[in-house]
Amino acid sequence: ENPANREYIGICKENALRLKGMSDDMFSYFLVFGKKGSISENVEKQGVEALKHIISERVYLLEENGYSFVWEGDIPDASVMVDTMFTNRVIDNIFSNIGKYATPGSTVIIRFDSNGKQLSVAFENEIRRDCSDAESNHIGLKTCSRIMEQMGGNFEAESDGERFCAK
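The shown structure was predicted, so the numbers you read here are calculated from the model rather than taken from an experiment. Each residue is numbered by its place in its chain's sequence as written, counting from 1. For this predicted model, a pLDDT threshold of at least 70 governs which residues receive local features, and a threshold of 80 or more governs which side-chain atom pairs are given and counted, while totals over whole chains, interfaces and linings are taken from all residues. By convention in this description, side-chain values take in all heavy atoms of the structure and omit both hydrogens and water.

**Student:** Got a minute to help me understand the packing of aromatic side chains in this structure?
**Tutor:** Working definition: an aromatic ring pair is given by the centre-to-centre distance plus the angle between the planes. Paired rings are identified among Phe, Tyr and Trp, the last through its six-membered ring, by centres lying within 6.5 Å, and are further divided according to the angle between planes into stacked (under 30 degrees), edge-to-face (over 60) and tilted (the rest). A full pass over the atoms with the stated rule returns three aromatic pairs. Consider the rings of Trp71 and Phe112, whose centres lie 6.0 Å apart with planes at 15 degrees: the pair is stacked. Here Trp71, found in strand S2 (residues 68-72), pairs with Phe112, found in strand S4 (residues 107-114); they are 41 residues apart in sequence, far enough to count as distant. Burial status follows relative accessibility: with a 1.4 Å probe on protein chains alone, a residue under 20% of its type maximum counts as buried, one over 50% as exposed, and anything between as partly exposed. The class of Phe112 is buried, set by a relative accessible area of 3%. Between Phe95 and Phe123 the ring centres are 5.6 Å apart and the planes differ by 75 degrees, which places this aromatic pair in the edge-to-face class. Numbering of helices and strands runs from the N terminus; a helix is a DSSP stretch of H or I covering at least four residues, while a strand is a stretch of E covering at least two.

What follows is the structure in structure tokens.
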């Protein structure tokens, strides 16, 4: 295979993924913010192990791009009430942000915590230095917040300028 072709294919793939991400963000925004009421009618009981599986699929994809992941905290043997489709959307948005805004090749921390009534999953990463906040429209974070609110949970995102955490 010709190196120039490989480079061209890589650029095409990168652009296609960027367009997909933008269209996914817009779809999510209109789906969640344009909907009357809540998504709670589709909420069902899922084992936390299923949530770990959803996250692990995304971890694998970013590991192929040089990122490493550290899992912290015990994953409780419990169930959570979630809408699977919208939970996937939240996880997709978080991992999309990691791919766009985390320092390439850095370590991402995934932290599980439970107080017996609520499960908390946090994703923490180092912020790329060559990336400005102007590149982001924050639609993904707003969508995550709205989805979690409609499922009876909450979503927090914070940054100190060097590290970003979505919980």
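The structure having been displayed, the exposition proceeds.
**Student:** So what exactly am I meant to see when it comes to the environment of Ser79 here?
**Tutor:** The residue Ser79 is located in strand S3 (residues 79-82) in this model. The partly exposed category is assigned to Ser79, whose relative accessible area is 43%. In the structure, Ser79 is positioned 38 residues away from Lys117 in sequence and 10.0 Å away in space, judged by C-alpha atoms.

**Student:** Sorry, what's going on with helix H3 (residues 84-101) here?
**Tutor:** A turn of α-helix holds 3.6 residues, and therefore any two residues three or four places apart point the same way. For a helix, the expected span equals 1.5 Å multiplied by the number of residues minus one. The end-to-end C-alpha separation of H3 is 26 Å, in line with the 26 Å expected for 18 residues at 1.5 Å each. The set of residues buried in H3 consists of Phe86, Thr87, Arg89, Val90, Ile91, Asn93, Ile94, Phe95, Asn97, Ile98 and Tyr101.

**Student:** How should the sheet that holds S2 be read in this particular structure?
**Tutor:** Sheets are built from strands that pair by backbone hydrogen bonding, the pairs being arranged parallel or antiparallel. Taking strand neighbours across the sheet as the criterion, the five strands line up as S2-S4-S5-S7-S6 in an open arrangement whose pairing is mixed. A strand with exactly one partner marks an edge of an open sheet, and here the two such strands are S2 and strand S6 (157-159). Between one strand axis and the next, the sheet turns through 15 degrees on average, direction left out of account. Contacts are residue-level and defined by heavy atoms, with any inter-residue pair within 4.5 Å sufficient. The axes used here are C-alpha line fits, helices contributing only the stretch in contact, and every angle between their N-to-C directions lies in the interval 0 to 180 degrees. The strands touched by helix H2 (residues 48-63) within the sheet are S2, S4 and strand S5 (119-126), with S2 carrying the most contacts at an inclination of about 160 degrees. Strand pairing follows a simple DSSP-based rule, namely that at least 2 bridges must link the two strands.

**Student:** When you look at the side chain of Asn97 in this model, what are you seeing that I'm missing?
**Tutor:** Among the secondary structure elements, Asn97 is positioned in helix H3. The class of Asn97 is buried, set by a relative accessible area of 17%. Leave out the neighbours within four places in its chain, and Asn97 touches Ala102 and Leu141.

Functional significance is not addressed by these values, which are geometric in nature.
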